[in-house]
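# Per-entry structural report
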Amino acid sequence: MDAEQLREYGHQMVDFIADYYKNIESFPVRSQVQPGYLRELLPDSAPVRPESLQDVLDDIQSKILPGVTHWQSPEFFAYFPSNSSVAGFLGEMLSAGINMVGFSWITSPAATELEMIVLDWLAKALKLPDQFLSTGQGGGVIQGTASEAVLVVLLAARDQVLRRVGKDATGRLVVYCSDQTHSALQKACKIAGIYPENFRLLKTDSSTDYALSPESLSEAISRDIASGLIPFFFCATVGTTSSTAVDPLTELGKISNSNGLWFHIDAAYAGSACICPEFRHYIHGVEGANSFNMNAHKWFLTNFDCSALWVKDRSALVQSLSTNPEFLKNKASQDNKVVDYKDWQIPLGRRFSYVARRSLKLWMVLRLYGLENLQAYIRNHIELARKFEELVNLDSRFEVAAPRRFSLVCFRLVSARNDVEHANQLNRELLEAVNSTGNLFISHTVLSDKYVLRFAVGAPLTEERHVLEAWKTLQEKAALLLSELKE
Ligand code: PLP
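Here the structure is a predicted model, which means the values were calculated and not measured.

## Points about the sheet that holds strand β8 (residues 398–400)
Sheet architecture is open: four strands sit in the order β8-β9-β11-β10, paired in antiparallel fashion. A strand with exactly one partner marks an edge of an open sheet, and here the two such strands are β8 and β10 (443–447). Taken over all neighbouring pairs, the strand axes of this sheet differ in orientation by 40° on average, direction set aside. Two elements, strand β9 (residues 408–413) and strand β11 (residues 450–456), share four bridges in a ladder whose sense is antiparallel. Residue pairing in the sheet places Cys410 in a bridge with Arg454 of β11. Along the sheet, helix α13 (residues 420–437) contacts β9, β10 and β11; its crossing angle with β11, the most-contacted strand, is approximately 30°.

## A short note on the UniProt feature "modified residue: N6-(pyridoxal phosphate)lysine" (unreviewed entry) in the protein
Per the UniProt entry, the sites bearing "modified residue: N6-(pyridoxal phosphate)lysine" (unreviewed entry) are Lys298 in this numbering. Structurally, the position occupied by Lys298 is in helix α9 (residues 296–299). Look at Lys298 and you get buried, because 25 C-beta atoms sit within 10 Å. Once residues lying within four places of it in the same chain are set aside, the contact partners of Lys298 are Phe80, Pro81, Ser82, Asn83, Ala268, Tyr269 and Ser272.

## Digging into the sheet that holds strand β5 (residues 262–266)
Within the open sheet, the seven strands sit side by side as β1-β7-β6-β5-β4-β2-β3. Their pairing is mixed. Either end of the sheet is taken by a strand with one partner, and the two such strands are β1 (139–143) and β3 (199–202). Strand-to-strand twist in this sheet, taken as the mean axis angle between neighbours without regard to direction, amounts to 20°. In this structure, strand β2 (residues 173–178) lies alongside β3, joined through four bridges in parallel fashion. In the strand pairing of β3, Tyr176 is matched with Arg200.

## Considering the domain arrangement of the protein
Under the domain assignment, the protein is made up of domain 1 (3–79), domain 2 (92–370) and domain 3 (375–484). Distance between the C-alpha centres of domain 2 and domain 3: 32 Å. Tallying the contact residues gives 16 residues for domain 2 and 15 residues for domain 3. Residue composition of the side of domain 2 that touches domain 3, by class: eight nonpolar, six polar and two charged.

## Considerations on the nonpolar core
Core analysis: the biggest nonpolar cluster contains 124 residues, and Phe77, Leu154 and Phe234 have the highest contact counts within it. In contact with Phe77, not counting residues within four places along its chain, are Leu440, Phe441, Ile442, Phe455, Ala456, Val457 and Ala470.

## Points about the site of the ligand
The immediate surroundings of the ligand are formed by 15 residues, with Thr145, Ala146, Ser147, His182 and Ala268 found nearest. Its residues assigned to classes, the shell around the ligand shows five nonpolar, nine polar and one charged.

## A word on helix α3 (residues 86–98)
Here α3 spans 18 Å end to end across 13 residues, near enough to the 18 Å set by a 1.5 Å rise per residue. Of the positions making up α3, those classed as buried are Ala87, Gly88, Gly91, Glu92 and Ser95. With its buried residues spanning 140° around the axis, α3 presents them on a single face. Of the exposed residues in α3, the ones pointing more than 90 degrees away from its buried face are Ala96 and Gly97.

## Digging into the pairing of β2
The buried fraction of β2 amounts to six of the six residues, a majority that puts the element mostly inside the structure. Residue alternation in β2 divides its side chains into two sets, Leu173, Val175 and Cys177 and Val174, Tyr176 and Ser178, and both sets are buried. Across four bridges, the pairing between β2 and strand β4 (residues 230–237) is parallel. Within β4, the position partnered with Leu173 by the bridge is Ile230. Following the backbone out of β2, through helix α6 (residues 184–192) and into the adjacent parallel β3, one traces a crossover that is right-handed.

Reading guide: rules and limits
Residues numbered from 1 in each chain as written. Predicted model: local features only at pLDDT ≥ 70, side-chain atom pairs only at ≥ 80, totals over all residues. Pairing = 2+ DSSP bridges. Helix = DSSP H or I, 4+ residues; strand = E, 2+ residues; numbered from the N terminus. Axes fitted to C-alpha atoms, helices over the stretch in contact; angles between N-to-C directions. Contact = placed C-beta atoms within 7 Å. UniProt positions renumbered as here; feature names shortened; annotations may be inferred. Buried ≥ 20, exposed ≤ 12 C-beta atoms within 10 Å, placed from the backbone. Domains from an automatic or database assignment. Nonpolar A, V, L, I, M, F, W, Y, C, P; charged D, E, K, R; others polar. Core = buried A, V, L, I, M, F, W, Y, C linked by C-beta atoms within 7 Å. Near = placed C-beta within 6 Å. Expected span 1.5 Å × (residues − 1). Arc of directions from axis to C-beta. Right-handed = clockwise from strand over helix to strand, strands pointing away.

Okay, structure coming up:
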């Protein structure tokens, strides 16, 4: 790498990105292009001769940005947030610059040691039990996504139980979760070879606000044991994707523990809020868990990707995922003095350098913000969501469709007709109408067969005025739809 060229191009690129953020409100939040739009704009093959950075930047401005959905826009309220910040960006930049490769401790000691320290810091901020700290038998590791996190613990749990009951028992292993659990677990089960008929999606409904009832888990486990199956893994969620339901961890944990199941907690989105003392109670019961996961790349100002996973017993992960080829052998590893994160994760080559990349940016976020500012950041979003909920409640044409706990409001337009499908269609049309304006972007879910709109506050640039403007667009489009239907 030519240092002077890096300086020149780097300044140019930082200016480009800074201008992007300055003008971000001028773009339609959801990209409005049609499928295949880019093929018509770009050449068929790569250039033979080098082009200038300015030419590339011009193309990004005119051809790429129209096809971008602006997740960092202050009017982005869809899905869950995926935060970026100056601190996170600088951390990414630094690690891309140093480009170290940290799969085993020896390949870059700072990479492994920083990751262990930063995850201990975050575990303490969340007040996780000491067993999750790297100073004991457990510890934290940064995965790319919550999907990878649940996969690695599922593999560890599967191998642990198979060591006990024998390899031939794979077809009898059973996994439990609620019907609100993220589909990442189902995918993990497919990869881990769990038989599809042994994947139990336990039913929830509005009577428990879509949280899993302990009775339902307990009954399912008893039924399966009675038919000769082997329950071995249960995943609870704190902040489900559809409606931010919170499963009752303490009771569910007791049932898991007494039946010898691995108990995993997925707090991918809501975990961030638990650094605030007033929201920490949502993970009360984490003491009973074998593993706990939250995505710092969702709502913790850390650029994608950065998913923090803690386990109480790291040896279960290592036993499942360790490989030890000759070319990676070294004294530090063989003397068992160090952590080799390659044995805590799925990828080998491609993601090696990411280990350091992710901990560096999380470290930068924690240091440049400090816990106090991170707490204020979370509280502000929750307060903005509360205001939005208040606005919905004040307008009799709408209803709140599930209790709001964090920064997500589930709501819907109510139809005068007593017809579920008609009401669903009305809300589908409202969603498309508001998203087509480009003024805001919201997403949807289905709860108890009802099509529900989701308004998730969490973009770092969102202020009260953005929430008010979004609500105005929603009201205008709703009025138009209702008048067309003469409702
Ligand atoms: N778990 C929950 C509760 C989620 O909301 C999501 C994504 O939104 C995931 C898991 C999957 O996250 P990832 O994309 O990091 O795999």
